[in-house]
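Spelled out from the first residue to the last, the chains are:
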Amino acid sequence: LILRAEQGDEAADAIVKKIIRKIAVVIANTVLMLNSEMVILGGDSEIFTEENIVEIKKILEKVCPFVPEVVTSKLGADAPIIGGIKVALDYAEEQIIMLWKSYENDIDAYMDILLKERLVSYYEKHILEDVMPFWDRRCIDKEYGGYITCFDREGKMTDDKKYIWFQGRQLYIYSLLYNKVRKKKEWLENAKHGFSFLVKYGYAGDGRWNYVLDRKGNVLEGTISIFSDFHVLQGVAEYLKIEEVRTPENMELLKTCYETMEKNVFDPWFKEIYENTWSPVFIWHDMYLTCLSTTETCAEVLGTDVTKKLLNECVDKIANWFANDEYNVVFEAVTRENKIDIESDKGRFINPGHMHESAWFLMKAGVLLEDKQITMRGIQIARWANAVGKDEEYGGIISYADALGETPRPIDWFKETNSLWNEKVWWPNAEALTAYAQAYCYTKDSYFLQEFLDQHNYCKEKFFDSQYKEWFERLEYDGTVKNSAKGTPWKCAFHLVRALVFTLEAFSEMEAV
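1. Concerning the overall build of the protein chain
Counting its regular elements, the protein chain contains 18 helices and 16 strands. Taken across its 513 residues, the protein chain has 55% of its residues classed as buried. In the protein chain, the share of contacts with a sequence separation of at least 24, taken over all contacts with a separation of at least 6, comes to 67%. Carbon together with sulfur atoms contributes 50% to the accessible area of the protein chain, which is approximately 22900 Å² in total.

Encoded structure:
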């Protein structure tokens, strides 16, 4: 506090002055108990003028008997404290406890502001200097258009195919950065670059998008995945928040794709849902959480009147079907009759990363739909996600879990990528940051702040590659690097940068306690 006050911080200075005046009283009374003839500074010890402040600081450094280092140096580490000295020290300790309690609200509020400033500064710098330069320098395919998204640790290209999920996600990220972080011309141009390629080569017509293209834009796999539709639609919606590109033609494309997505989500027989597998028995959590996030972005362009039906459907499925109050988890699969299947691997499978995502998506949906109960459900799920996902021994968020606490078996994406349950994958750990930051922003609950800081420190220490920048794709259970790649057929800038942007936004907009 004194350091900040000396740097010109008026709020810190006001607190320091109040505390010093009270501490001076404690010092004076303590010394008087030892030597009744001694007078401190003269005059009334209750009130000290501005001129006394510097001298009182010096007293704190040299005389104050309740600073352990001072006591030890004066008396020696093994010196007995007896008689009047002990009485005086006990008195000083009691007074300081009372003093701290009398100002703890002021101090807590100030430290909350200070922490907020440091976190905002860190996440802004992390985006601008540690993460985005990695992508800005190499992901723009100037020869054929679109984005290159597969790179090794050092940034060497490892795959030149154009995965449409990631073409849409990169478009979303460049648009999001332009809309929420900085109005950088480079980011706007990069967004325009990606949008142009997507419309020319990725669009399959009738509101659907292909799955993967070769580098030149030739279709390798077509409309096999509703997730392609989700991610491109979210990218286009975020892009069209930028006024200069919101043309009637582009808006018509957005509306067509939205209507198609809505129709397919409500169609129980729509089967093109890779990387999920359509089932006559189960529906899937990640379809609805991804749809919710996409629809939230669309709502900011198309309006809630257009998007409310799908928003409510996704919220209901996540909050009331997949989220289960008996087990305090969000199941990845429930039956089409809204039942859990606790006997099967699919039915018991828990994805902490998806739980963290759904948590903060619900918080946002509560704001859009003006329903605090939805926001509170999201906050509750954030607690559940931490309980089931946090590795208390090694830190970070695990890959997946079993609802009954048994050794979990992988399904779908985790099976395809040979993921072990206790590995630490980049995206669940990034999403946890946002879930805790947003929950703290809404509640001011110190539990979420502490969980955020634990996760923040873990990611900063373990995932961030200080040498080549960006984050590692995957860590072993103990935090050692398992896969150092920065871009793969499953990893681009999306999860990390989105999490960083919304974490930054949470602390930027947060008022002090």
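2. Here's the deal with the nonpolar core
In terms of nonpolar packing, the biggest core is built from 143 residues, with M132, W135, Y174, L177, L254, L292 and W471 touching the most fellow members. Setting aside its immediate chain neighbours within four residues, L254 contacts L233, V236, A237, L240, C298, V301 and L302. If you look at the next biggest cluster of nonpolar residues, it comprises seven residues, including A12, V16, Y110 and L114.

3. Observations concerning the side chain of S358
Topologically, S358 is positioned in helix α13 (residues 352-368). Not counting residues within four places of it along the chain, the set of residues in contact with S358 comprises H285, L289 and I318.

4. Some details on the pattern of salt bridges
Taken as a whole and assessed by the stated rule, the structure comprises 36 salt bridges. In this structure, the salt-bridge partner of R208 is E272, at a minimum N-O distance of 2.7 Å. Of the two residues, R208 sits in strand β5 (residues 208-209) while E272 sits in the loop between α9 (248-266) and β8 (282-284), which places them 64 residues apart along the sequence. On the basis of relative accessible area, R208 is assigned to the buried category, the value being 10%. A salt bridge links R498 to E357; the nearest nitrogen and oxygen atoms lie 2.8 Å apart. Of this pair, R498 sits in helix α18 (residues 494-509) while E357 is found in helix α13, placing the two residues 141 residues apart along the sequence.

5. Structural notes on the packing of aromatic side chains
The description of an aromatic ring pair uses the distance of the two centres, along with the angle that the planes make with each other. One pass over the full model with this rule turns up 32 aromatic pairs. Measuring from ring centre to ring centre gives 5.6 Å for F227 and F230, while their planes differ by 90°; the resulting arrangement is edge-to-face. Of this pair, F227 and F230 both sit in helix α8 (residues 226-239), three residues apart, which is roughly one turn of that helix. The pair F227 / F230 is uniform in exposure class, with both members buried. Judged by centre distance (6.0 Å) and plane angle (40°), the rings of F282 and W284 are tilted. The structure contains a cluster of three or more aromatic residues connected by ring pairs, namely W165, Y211, F227, F230, Y274, F349, Y400, W413, F414, W427 and W490. Here the basic side chain of R138 rests over the ring of F134, its NZ or CZ set 4.3 Å away from the ring centre.

6. What about the sheet that holds strand β15 (residues 474-475)?
If you trace the three strands from one edge of the open sheet to the other, you get β14-β15-β16, paired in antiparallel fashion. The sheet is open, and its two edges are formed by β14 (424-425) and β16 (481-483), each paired on a single side. By the bridge criterion, two bridges tie β15 to β16 in an arrangement that is antiparallel. Its bridge partner lying in β16, L475 is registered against V481.

7. Overview of the environment of L119
If you trace the backbone, L119 turns up in helix α5 (residues 83-136). Taking the relative accessible area as the measure of exposure, L119 reaches 4% and is therefore buried. Taking the C-alpha atoms as reference, L119 lies 7.1 Å from F507; in sequence the two are 388 residues apart. Discounting residues that sit within four places of it in the chain, L119 has contacts with F452, L453, H456 and F507.

8. Describing helix α16 (residues 426-443)
In this model, α16 (18 residues) spans 26 Å end to end at C-alpha, consistent with the 26 Å of a helix rising 1.5 Å per residue. Burial analysis of α16 places 15 of its 18 residues in the buried class, the great majority of the element.

9. Some words on the packing of helix α14 (residues 372-389) against helix α17 (residues 446-463)
Here α14 crosses α17 at 45°, and the two axes come no closer than 12 Å. The orientation of α14 relative to α17 falls into the category oblique. Relative to α17, the crossing made by α14 is left-handed. Two secondary-structure elements touch here, α14 through I379, A382, R383 and N386 and α17 through Y447, F448 and E451. For the contact of α14 with α17, the class distribution of residues is four nonpolar, one polar and two charged.

10. Observations concerning the packing of helix α11 (residues 304-322) against α13
The N-to-C vectors of α11 and α13 enclose an angle of 140°; their axes lie 11 Å apart at closest approach. The angle between α11 and α13 falls in the class oblique. By crossing handedness, the relation of α11 to α13 is classed as left-handed. Contacts from T304, V315, I318 and A319 in α11 reach S358, L362, A365 and L368 in α13. Residue composition of the contact of α11 with α13, grouped by class: six nonpolar, two polar and no charged.

11. Some words on the sheet that holds strand β7 (residues 219-221)
Read from one edge of the open sheet, three strands run β3-β6-β7, paired in antiparallel fashion. Strands at the two margins of the open sheet, each flanked by one partner only, are β3 (162-163) and β7. Pairing geometry for strand β6 (residues 212-213) and β7, over two bridges, is antiparallel. Directly across from V212, in β7, lies its bridge partner E221.

12. A closer look at α13
With 17 residues, α13 should reach 24 Å at 1.5 Å per residue; the first-to-last C-alpha distance of 24 Å fits that figure. Where burial is concerned, most of α13 is hidden: 14 out of the 17 residues are buried. Backbone nitrogen of G353 and a side-chain oxygen of the N-cap are separated by 2.9 Å at the start of α13; the cap is N351. Directly after α13, the chain includes E370, whose backbone phi takes a positive value near 55°.

13. Here we look at unusual backbone geometry
For the bond running from Y274 to E275, omega is 25°, close enough to zero to count as cis. Topologically, E275 is positioned in the loop between α9 and β8. One non-glycine residue, E370, lies in positive phi territory at about 55°. Here E370 lies in the loop between α13 and α14. With a phi close to 55°, K444 is a non-glycine residue in the positive phi region. Within the secondary structure, K444 sits in the loop between α16 and α17.

Here is what the cut-offs are and how they apply
- Residues numbered from 1 in each chain as written.
- Predicted model: local features only at pLDDT ≥ 70, side-chain atom pairs only at ≥ 80, totals over all residues.
- Heavy atoms only, no water.
- Helix = DSSP H or I, 4+ residues; strand = E, 2+ residues; numbered from the N terminus.
- Buried < 20%, exposed > 50% of the residue type's maximum accessible area, 1.4 Å probe, protein only.
- Contact = heavy atoms within 4.5 Å.
- Areas by Shrake-Rupley, 256 points an atom, 1.4 Å probe, with all protein chains shown as cover.
- Core = buried A, V, L, I, M, F, W, Y, C linked by side-chain atoms within 4.5 Å.
- Salt bridge = Lys/Arg side-chain N within 4 Å of Asp/Glu carboxyl O.
- Phe/Tyr/Trp six-rings, centres within 6.5 Å; stacked < 30°, edge-to-face > 60°.
- Lys NZ or Arg CZ within 6 Å of the ring centre and 35° of its normal.
- Pairing = 2+ DSSP bridges.
- Expected span 1.5 Å × (residues − 1).
- Axes fitted to C-alpha atoms, helices over the stretch in contact; angles between N-to-C directions.
- Parallel < 35°, antiparallel > 145°, perpendicular 65-115°, else oblique.
- Left-handed = near helix turned anticlockwise from the far one by under 90°.
- Nonpolar A, V, L, I, M, F, W, Y, C, P; charged D, E, K, R; others polar.
- Polar contact = N/O pair within 3.5 Å; in protein donor to acceptor, adjacent residues only side chain to side chain.

Scope: geometric values only; no functional claims are made or implied.
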